[in-house]
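# Report on the structure
Chain by chain, the residues run as shown.
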Amino acid sequence: MKHPASPHAQQPKNLWRTRYGVGLLVLGAVAAFFLLAEHRAHLFGVLPFLLILACPLMHLFMHRRHGAHGHHGSPEQPRTRAEEPAQANPGDRS
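Bear in mind that the values here come from a model prediction, so they are computed numbers and not experimental data. (Residues numbered from 1 in each chain as written. Predicted model: local features only at pLDDT ≥ 70, side-chain atom pairs only at ≥ 80, totals over all residues. Heavy atoms only, no water.)

## Quick look at the overall build of the protein chain
Across its full length, the protein chain carries three helices and zero strands. Listing every helix and strand of the protein chain by position from the N terminus yields α-α-α. Here the protein chain holds 94 residues, and 2% of them are scored as buried. Accessible area of the protein chain: about 9700 Å², with a carbon and sulfur share of 65%. (Helix = DSSP H or I, 4+ residues; strand = E, 2+ residues; numbered from the N terminus. Buried < 20%, exposed > 50% of the residue type's maximum accessible area, 1.4 Å probe, protein only. Areas by Shrake-Rupley, 256 points an atom, 1.4 Å probe, with all protein chains shown as cover.)

## Quick word on helix α3 (residues 40-62)
Counting along an α-helix, one turn takes 3.6 residues, and residues three or four places apart therefore face a common direction. Taking 1.5 Å per residue as the helical rise, α3 with its 23 residues ought to reach 33 Å, and the 31 Å between its terminal C-alpha atoms agrees with that figure. Along α3, the sharpest change in direction is near 35° and occurs at L47; proline P48 comes one to four residues later. (Expected span 1.5 Å × (residues − 1). Bend = angle between axes of the 7 residues up to and from the residue.)

## Observations concerning the packing of aromatic side chains
Within the structure shown, the criterion is met by one aromatic pair. Consider the rings of F33 and F34, whose centres lie 5.2 Å apart with planes at 70°: the pair is edge-to-face. Assessed through its relative accessible area of 52%, F33 is described here as exposed. R19 extends its terminal NZ or CZ atom over the ring of Y20, reaching a point 5.6 Å from the ring centre. (Phe/Tyr/Trp six-rings, centres within 6.5 Å; stacked < 30°, edge-to-face > 60°. Lys NZ or Arg CZ within 6 Å of the ring centre and 35° of its normal.)

## Thoughts on the confidence of the model for the protein chain
For the protein chain, per-residue confidence averages 76 on the pLDDT scale, and residues scoring 70 or more make up 56% of the total. Confidence, read as mean pLDDT per element, is least for helix α1 (residues 7-10) in the protein chain (61) and greatest for helix α2 (residues 19-38) (94). (pLDDT = per-residue confidence, 0-100.)

Written out as structure tokens, the structure reads:
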């Protein structure tokens, strides 16, 4: 006769919650500290170039989803009332 296993027995254990995972995290933190301490001059020397490189990358990735830069159709199509920006009436003084 076979009994169904409990749901907790079938799930694999998360690596980062074991003592080996915690040991890897501590070892990684110590390695990162010593790499930063020993190579700080190299890292800080590259920072201005990374800032300059970030500009074209942000331009590429941030212009992805906003359409055709404000062109809502072909030039022959007139703009509809809903697409026109709201303008304040200069004679209205409320």
